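A look at the structure
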Amino acid sequence: MSSNTTLTVDNKAVELAVKEGAIGPSVIDISKLYAQTGMFTYDPGFTSTASCESKITYIDGDKGVLLYRGYPIDQLAEHGDFLETCYLLLYGELPTAAQKADFDYRVTRHTMVHDQMNRFFTGFRRDAHPMAIMVACVGALSAFYHDSTDISDPQQRMIASMRMIAKMPTLAAMAYKYSIGQPFVYPQNDLDYTSNFLRMCFAVPCEDYKVNPVLARALDRIFILHADHEQNASTSTVRLAGSSGANPFACIAAGIACLWGPAHGGANEAALKMLEEIGTPDRIPEFIARAKDKNDPFRLMGFGHRVYKNYDPRARIMQKTTHEVLSELGIKDDPLLDVAMELEQIALKDEYFIEKKLYPNIDFYSGITLKAMGFPTSMFTVLFALARTVGWIAQWSEMIEDPSQRIGRPRQLYTGPAERDYVTVAQRG
Ligand code: CMC
């Protein structure tokens, strides 16, 4: 359904269409505003701007709701598995048993990477951040899989999508193994997606490795929680890169680069480092005071969100998962968890955080869980990228299949010098 609204600019009334979504706020269509008024809109950080139409993910930030294709995140995390969630995000419906088996098989068939990819890894210093390796190696996939870079061919788009979902765990595990000087472990395709990833990370050729099903299930749930989050910074990056017609591997590499920042996916690494720095609950007030100090750039990492002005629904599930993992591993007293829980309680009662509606986000507890599983902090954002790949791909495909899609090209408010004449060096005072 659509209606109209009137905007008055310089005493001239302009009719603008109002479009309604299935749920959530309506949008004012301003695509003709410049032609009608000679003015642009101004919205740095896109706080009031919808950049596209999408049927994939819905967030109600005030209520703390997250839906993938209409299904609440807690139900998917409780009852579903990650590959089923991938299917849902890509195709819009939960798979039947036969569709699920076929999808799992198709993903599994693509888990190996071209053997020459190994040489990419050896080009990096051992202490290279694995996110740096991921940006490079995922971008480099386009140099290996020429048969899936033609974006006008639906079959090639589908194969590229399968390849990325399947190869991301392999590449992520290789980045980890390289950093610790251990040999790469090839995928073992009779294992499920997440167990396979754990094995590629933690098995060594000289010993048997048995996947702990509790940890595999917990990690699978973490992947579900991270799978998509509508038009966040990295997804918007993927869409923008894709809007020029760039190949899908290059677009996902762009998304990984954006995700790396501490305000986005890098926050899980930053949150754990912050908890380590705080160290003991008695130092929490000092850090809370710093977070509130306008002259101190320090922020409570893992707190606050552009969209959620309520408890991040993913954080609740993550907190439960953290307890399950620690209990499975027999970790009764984790000082970091003590600090995290105390910090959460103090912040939730603090006027500053209440007034600004700053609640724990998904990254607050994920670091503790991943650390307990044996992942170093530098791998945290890599795991986020692994899980978010399907969201990026679903959003990229939706954009490519949208007949109204055009290259993304924002405008600006220019505040630099007006036109002026060139002055030779000799004439410059
Ligand atoms: N600690 C202290 N103050 C904060 C925090 C924080 N974590 N987050 C926001 N604020 C304050 C901020 O100083 C500002 O105050 P004022 O209005 O007085 O200037 C106000 O709250 C609004 O903040 P903002 O930066 O304008 O909000 P934003 O929507 O642009 O930023 C955010 C959202 C997530 C980048 C920000 O909350 C933040 O930096 N959080 C810490 C990093 C983090 O945990 N990121 C993970 C996000 S969830 C996973 C993901 O999306 O990747």
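Residues numbered from 1 in each chain as written. Predicted model: local features only at pLDDT ≥ 70, side-chain atom pairs only at ≥ 80, totals over all residues. Heavy atoms only, no water.

**Digging into the pattern of salt bridges**
As enumerated under the stated definition, the model contains 18 salt bridges in all. Here Glu 286 makes a salt bridge to Arg 283, at a shortest N to O gap of 3.2 Å. Judged by relative accessible area, Glu 286 falls into the partly exposed class, the value being 40%. Residues Asp 350 and Lys 292 are paired through a salt bridge, measuring 2.9 Å at the closest nitrogen-oxygen approach. Highlighted residues: Asp 350 in the loop between helix 15 (335-349) and helix 16 (351-355) and Lys 292 in helix 13 (residues 284-292), separated in sequence by 58 residues. (Salt bridge = Lys/Arg side-chain N within 4 Å of Asp/Glu carboxyl O. Buried < 20%, exposed > 50% of the residue type's maximum accessible area, 1.4 Å probe, protein only. Helix = DSSP H or I, 4+ residues; strand = E, 2+ residues; numbered from the N terminus.)

**Description of the site of the ligand**
Looking at the ligand, there are 21 residues lining it, with His 264, Lys 294, Leu 300, Arg 306 and Lys 356 nearest. A distance of 3.4 Å is found between an oxygen atom of the ligand and a backbone nitrogen or oxygen belonging to Gly 265. Leu 300 has a polar backbone atom sitting 2.7 Å from a nitrogen atom of the ligand. Starting from 940 Å² of accessible surface for the ligand in isolation, the protein chains cover 75%. Each residue belonging to the shell around the ligand can be placed in one class, and the counts come to ten nonpolar, six polar and five charged. (Near = heavy atom within 4 Å. Polar contact = N/O pair within 3.5 Å; in protein donor to acceptor, adjacent residues only side chain to side chain. Areas by Shrake-Rupley, 256 points an atom, 1.4 Å probe, with all protein chains shown as cover. Nonpolar A, V, L, I, M, F, W, Y, C, P; charged D, E, K, R; others polar.)

**With respect to the environment of Thr 47**
As for its position among the elements, Thr 47 is in the loop between helix 1 (33-37) and strand 4 (57-60). Residue class for Thr 47 comes out exposed when judged on its relative accessible area of 52%. Distance in space between the C-alpha atoms of Thr 47 and Val 307 is 9.0 Å, their sequence separation being 260 residues.

**Let's talk about unusual backbone geometry**
The backbone of Glu 230 shows a phi angle near 40°, a positive value even though the residue is not glycine. Its location among the elements puts Glu 230 in the loop between helix 9 (213-226) and helix 10 (233-243). Judged by relative accessible area, Glu 230 falls into the partly exposed class, the value being 22%. If you check the backbone angles, Lys 357 has positive phi at about 55° while not being a glycine. Note on placement: Lys 357 falls in the loop between helix 16 and helix 17 (362-373).

**With respect to the packing of aromatic side chains**
With the rule as written, the count across this model stands at 19 aromatic pairs. Each ring, one from Phe 144 and one from Tyr 145, has its centre 6.5 Å from the other, and the planes form 45°; the classification is tilted. For the pair Phe 144 and Tyr 145, one class covers both residues: buried. Among the aromatic residues, those joined into a ring-pair cluster are Phe 82, Tyr 176, Tyr 193, Phe 197, Phe 202, Phe 223 and Phe 375. Across from the ring centre of Phe 298, 4.6 Å away, lies the NZ or CZ of Arg 290, which sits over that ring. Over the ring of Tyr 34 we find Arg 411, and its NZ or CZ is 5.7 Å from the ring centre. (Phe/Tyr/Trp six-rings, centres within 6.5 Å; stacked < 30°, edge-to-face > 60°. Lys NZ or Arg CZ within 6 Å of the ring centre and 35° of its normal.)

**Here we look at the pairing of strand 5 (residues 65-68)**
Both strand 4 and strand 5 contribute to a ladder of four bridges, which runs antiparallel. Bridged to Asp 60 within strand 5 is Val 65. The antiparallel hairpin formed by strand 4 and strand 5 contains four residues in its connecting segment, where Gly 64 sits at a positive phi of about 75°. Across two bridges, strand 5 lies against strand 6 (residues 71-72) in antiparallel orientation. What sits directly across from Tyr 68, in strand 6, is Tyr 71. Linking strand 5 back to strand 6 in an antiparallel pair, the connection comprises two residues, with Arg 69 at a positive phi of about 50°. (Pairing = 2+ DSSP bridges.)

**A word on the packing of helix 11 (residues 248-259) against helix 18 (residues 380-401)**
Between helix 11 and helix 18, the least distance of the axes is 10 Å, while the angle of their chain directions is 135°. Classified by the angle their axes make, helix 11 and helix 18 are oblique. Helix-helix and strand crossings are classified by hand; for helix 11 and helix 18 the assignment is right-handed. Contact residues: Pro 248, Cys 251, Ile 252, Gly 255, Ile 256 and Leu 259 in helix 11; Thr 381, Phe 384, Ala 385, Thr 389, Trp 392, Ile 393 and Trp 396 in helix 18. Looking at the contact of helix 11 with helix 18 residue by residue, the classes come out as ten nonpolar, three polar and no charged. (Axes fitted to C-alpha atoms, helices over the stretch in contact; angles between N-to-C directions. Parallel < 35°, antiparallel > 145°, perpendicular 65-115°, else oblique. Left-handed = near helix turned anticlockwise from the far one by under 90°. Contact = heavy atoms within 4.5 Å.)

**Quick word on the nonpolar core**
Counting 116 residues, the largest nonpolar core has Phe 82, Leu 171, Phe 197, Leu 219, Leu 300 and Phe 375 as the members making the most contacts within it. Counting residues per element, this core draws most heavily on helix 18, at 14 residues. Excluding anything up to four places from it in sequence, Leu 300 contacts Met 274, Ile 288, Ala 291, Leu 343, Ala 347 and Phe 353. (Core = buried A, V, L, I, M, F, W, Y, C linked by side-chain atoms within 4.5 Å.)

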